[in-house]
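Summary of the model geometry
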Amino acid sequence: MEKDLFGNEIIKDVLLRDKFIEPPFSVLDTKSGNWQKRKREWLRKGIKSEIGRKAPVNCSSLKPLKGNAERFVGKETSIFDPALCELMYKWFCPENGKILDPFAGGSVRGIVAHYLKYYYVGIELRQEQVDANRENAAEILPVNNRPSWHVGDSDLILENDFLYEFDMIFSCPPYMDLEVYSDDENDLSNMTDEKFIEKYKSIIKKSCSKLKKDGYAVFVVGDVRDKKTGFYKDFISITKQAFYNAGMSLYNDAILLDQLGNACMRAGKIFDSGGKLTKIHQNILIFKRSA
Ligand SMILES: C[S@@+](CC[C@H](N)C(=O)[O-])C[C@H]1O[C@@H](n2cnc3c(N)ncnc32)[C@H](O)[C@@H]1O
């Protein structure tokens, strides 16, 4: 055991990676070589999570959207990070555990889960998104090992009893009105902040009511600016409040450092025009049941 000058044990970084895939620190860097290698390996399996989703409404100039977990590549919408899915499942879900995702979006969280022998149940409002997800899963996974996606409003679907409790909740919700996915009246992304918060709290409460006592709930979120005032709406606190309201307590929180994309090109102009920092991170909030 190597010791430093003061006799403290030296924990070698490599060891942590070997054991945990990435060092279990509260800052996760998606730009690192190891992370990018893992992400490429997943994408090489044929994950196409962007399919089924129109290019976001409020980004006609195709600049990457500030502060959302999914980044643009060229002209189409890109995908939730499969390397992040693998890590969160590895760290916060028991082997072969059951995962609930109340805002499924694209196929990536489901496909990575089943590829790693977990059971994934995703709920997604938009039929076309679920059709695309099922198609992509059929391209990668055998018929007897595929995620189950339910189409509809999570607030209604979570009223029903699932046959079993879940070991983990893992999701990336709509960031309020940052990106509007549809004009469906039950779509949180086209609601007023007030209506969004009310329904968001309800869906989170119903999701947590199906979580095992010692289960983790992991949400990837990013703050959103009010389009008129430019002030942040503090979506992070709104999410925390929704989970506290569901009897959960914050157990870990981490910063996910995004790839820079063209942030360097935009940052100067953005700061000059209003003193705003260009967002290159997401927040990963990890809750456990407090009682
Ligand atoms: C794509 S993910 C969000 C990903 C990430 N936060 C982002 O901003 O890029 C959100 C998904 O939630 C879905 N959604 C919105 N309201 C919903 C509801 N009431 N029930 C189930 N899914 C819903 C949307 O259709 C969308 O596909």
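A few points on the structure. On a predicted model such as this, the values are computed, not experimentally measured, just so you know. (Residues numbered from 1 in each chain as written. Predicted model: local features only at pLDDT ≥ 70, side-chain atom pairs only at ≥ 80, totals over all residues. Heavy atoms only, no water.)

Here we have eight strands laid out as an open sheet, ordered β1-β9-β10-β8-β7-β4-β5-β6, and mixed in their pairing. In the strand order of this sheet, the two ends are held by β1 (27–29) and β6 (148–151), each with one partner. Strand-to-strand twist of the sheet, defined as the mean angle between neighbouring strand axes without regard to direction, takes the value 20 degrees. Bridge count for strand β4 (residues 98–101) against strand β5 (residues 119–124) is four bridges, and the pairing is parallel. In the sheet register, D101 faces β5, and the bridge partner there is G122. Each of β1, β4, β5, β7 (166–171), β8 (211–221), β9 (248–257) and β10 (281–289) touches helix α3 (residues 82–92); the most contacted strand, β7, lies at about 150 degrees to it. Contacting β4, β5, β6 and β7, helix α4 (residues 108–115) crosses the sheet at an angle of about 170 degrees to β5. (Pairing = 2+ DSSP bridges. Helix = DSSP H or I, 4+ residues; strand = E, 2+ residues; numbered from the N terminus. Axes fitted to C-alpha atoms, helices over the stretch in contact; angles between N-to-C directions. Contact = heavy atoms within 4.5 Å.)

Here the focus is the site of the ligand. Within the structure, the ligand sits among 23 residues, and E124, R126, P173, Y181 and N186 are positioned closest to it. One of the backbone nitrogen or oxygen atoms of P173 is found 2.6 Å away from a nitrogen atom of the ligand. Bound to the protein, the ligand loses 100% of the 590 Å² it would expose on its own. Of the residues assigned to the shell around the ligand, the class counts are ten nonpolar, five polar and eight charged. (Near = heavy atom within 4 Å. Polar contact = N/O pair within 3.5 Å; in protein donor to acceptor, adjacent residues only side chain to side chain. Areas by Shrake-Rupley, 256 points an atom, 1.4 Å probe, with all protein chains shown as cover. Nonpolar A, V, L, I, M, F, W, Y, C, P; charged D, E, K, R; others polar.)

Right, let's talk about the packing of α3 against α4 for a bit. Here α3 crosses α4 at 50 degrees, and the two axes come no closer than 9 Å. Between α3 and α4, the interaxial angle falls into the category oblique. The crossing of α3 and α4 is right-handed. Contact residues: P82, C85, E86 and Y89 in α3; V108, R109, V112 and A113 in α4. Taken together, the residues that form the contact of α3 with α4 break down as six nonpolar, no polar and two charged. (Parallel < 35°, antiparallel > 145°, perpendicular 65-115°, else oblique. Left-handed = near helix turned anticlockwise from the far one by under 90°.)

Take the pattern of salt bridges next. Counting across every chain of the model gives 17 salt bridges. A salt bridge links E22 to R38, with the nearest nitrogen and oxygen atoms 3.4 Å apart. With E22 in the loop between α1 (13–20) and β1 and R38 in helix α2 (residues 33–44), the pair connects residues that are 16 residues apart, well separated along the chain. Its relative accessible area of 4% is what places E22 among the buried residues. (Salt bridge = Lys/Arg side-chain N within 4 Å of Asp/Glu carboxyl O. Buried < 20%, exposed > 50% of the residue type's maximum accessible area, 1.4 Å probe, protein only.)

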